[in-house]
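Close look at the chain arrangement
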Amino acid sequence: MAKMLRVNVALPNGDSQFLSISQSSNVKELTNLAENSLGKKFLRLVLADGRNLVDPSESLQSAGLQEGDCILAIVLQVQVASTLRAFALWCCGGDRITT
């Protein structure tokens, strides 16, 4: 059975949630859990040492997350461009653009 981590994910406005997640989970799973728990989408997760969790496939263990860590969740601004026949929705996510 995988070890569970309990981490505190907080928005800049002070809203926060303690989340329990398997240490064998990846960054995408943590991001999804944080988005659902905080009721926000398009989050960028930042560790206390300033590192951005940008690789969705990286395991939480290899990212260095530990029991009790505090993680800042920044809501990214979504951009929209459209024409009569098409549209694009994107946001800048760390070192890449997500469409």
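Along the protein, the regular secondary structure elements total 1 helix and 8 strands. In sequence order, the protein lays out its α and β elements as β-β-α-β-β-β-β-β-β. Within the protein, the fraction of its 99 residues that count as buried is 30%. When contacts within the protein are restricted to residue pairs at least 6 apart in sequence, long-range pairs at least 24 apart make up 49% of them.

Further remarks concern the nonpolar core. Across soluble globular proteins, you tend to see nonpolar side chains buried next to one another. Counting 19 residues, the largest nonpolar core has Val9, Leu30, Leu45, Leu53, Leu65 and Ile71 as the members making the most contacts within it. Looking at this core, the elements with two or more residues in it are strand 1 (4-10), strand 2 (16-22), helix 1 (27-38), strand 3 (43-47) and strand 5 (70-75). With 4 residues, helix 1 is the largest single contributor of residues to this core. Setting aside its immediate chain neighbours within four residues, Ile71 contacts Val7, Asn8, Val9, Ala10, Leu30, Leu45, Val46, Leu47 and Leu65.

The next thing to look at is the pattern of salt bridges. Scanning the entire structure with this criterion turns up 1 salt bridge. In this structure, Asp49 and Arg51 form a salt bridge, with 2.9 Å as the shortest nitrogen-oxygen distance. Overall, Asp49 belongs to the exposed group, its relative accessible area being 55%. For Arg51, a relative accessible area of 39% puts it in the partly exposed group.

In this section: the sheet that holds strand 4 (residues 52-53). Remark on secondary structure: sheet strands pair via backbone hydrogen bonds, oriented parallel or antiparallel. Ordered in space as 2-1-5-3-4, the 5 strands form an open sheet in which the pairing is mixed. At either end of the open sheet lies a strand with only one pairing partner, and these are strand 2 and strand 4. Packed onto the sheet, helix 1 meets strand 1, strand 2, strand 3, strand 4 and strand 5 and runs at close to 145° relative to strand 2.

With that out of the way, let us pick up helix 1. The periodicity of an α-helix, 3.6 residues per turn, causes residues three or four positions apart to be oriented the same way. For helix 1, spanning 12 residues, the distance from its first C-alpha to its last is 16 Å, which sits close to the expected 16 Å at 1.5 Å a residue. Among the residues making up helix 1, those that are buried are Val27, Leu30, Thr31, Ala34, Glu35 and Leu38. Down the axis of helix 1, the buried side of the element spans an arc of 135°, and every buried residue falls inside it. Looking at the buried positions of helix 1, the neighbouring elements they touch are strand 1, strand 2, strand 3, strand 4 and strand 5. Its side-chain oxygen placed 3.1 Å from the backbone nitrogen of Lys28, Asn26 serves as the N-cap of helix 1. Following helix 1 by one or two positions, Gly39 adopts a phi angle in the positive range, close to 70°.

The next thing to look at is the side chain of Thr31. Note on placement: Thr31 falls in helix 1. Residue classification places Thr31 among the buried residues on the basis of a relative accessible area of 11%. Setting aside residues no more than four positions away along its own chain, Thr31 makes contact with Leu43 and Leu45.

Cut-off values and rules
- Here the residue index of a chain counts from 1 through its sequence in written order.
- Two thresholds apply to this predicted model, a pLDDT of at least 70 for residue-level local features and 80 or more for giving and counting side-chain atom pairs, whereas whole-chain, interface and lining totals are computed over all residues.
- Each side-chain value is derived from all of the structure's non-hydrogen atoms; neither hydrogens nor water enter the calculation.
- The helix count covers DSSP runs of H or I at least four residues long, the strand count covers runs of E at least two residues long, and both are numbered beginning at the N terminus.
- For every residue, the accessible area obtained with a 1.4 Å probe (protein chains only) is divided by the maximum for its type, and the residue is called buried under 20%, exposed over 50%, and partly exposed between those limits.
- Note on contacts: a residue pair qualifies if any of its non-hydrogen atoms lie within 4.5 Å across the two residues.
- To qualify as a nonpolar core, a set must consist of buried Ala, Val, Leu, Ile, Met, Phe, Trp, Tyr and Cys residues joined through side-chain atoms within 4.5 Å.
- For this analysis, a salt bridge means a side-chain nitrogen from Lys or Arg found within 4 Å of a carboxyl oxygen belonging to Asp or Glu.
- We call two strands paired when DSSP finds no fewer than two bridges between them.
- Interaxial angles span 0 to 180 degrees and are taken between N-to-C directions of axes, which are lines fitted to C-alpha atoms, for helices over the stretch in contact.
- One less than the number of residues in a helix, times 1.5 Å, gives the span that helix is expected to have.
- By construction, the arc corresponds to the directions joining the helix axis to the C-beta atoms.
- Definition of a polar contact: a pair of N or O atoms within 3.5 Å, with one able to donate and the other able to accept a hydrogen when the atoms are protein atoms, and with sequence-neighbouring residues admitted only if both atoms are side-chain atoms.

The values reported here are purely geometric and, on their own, carry no functional implication.
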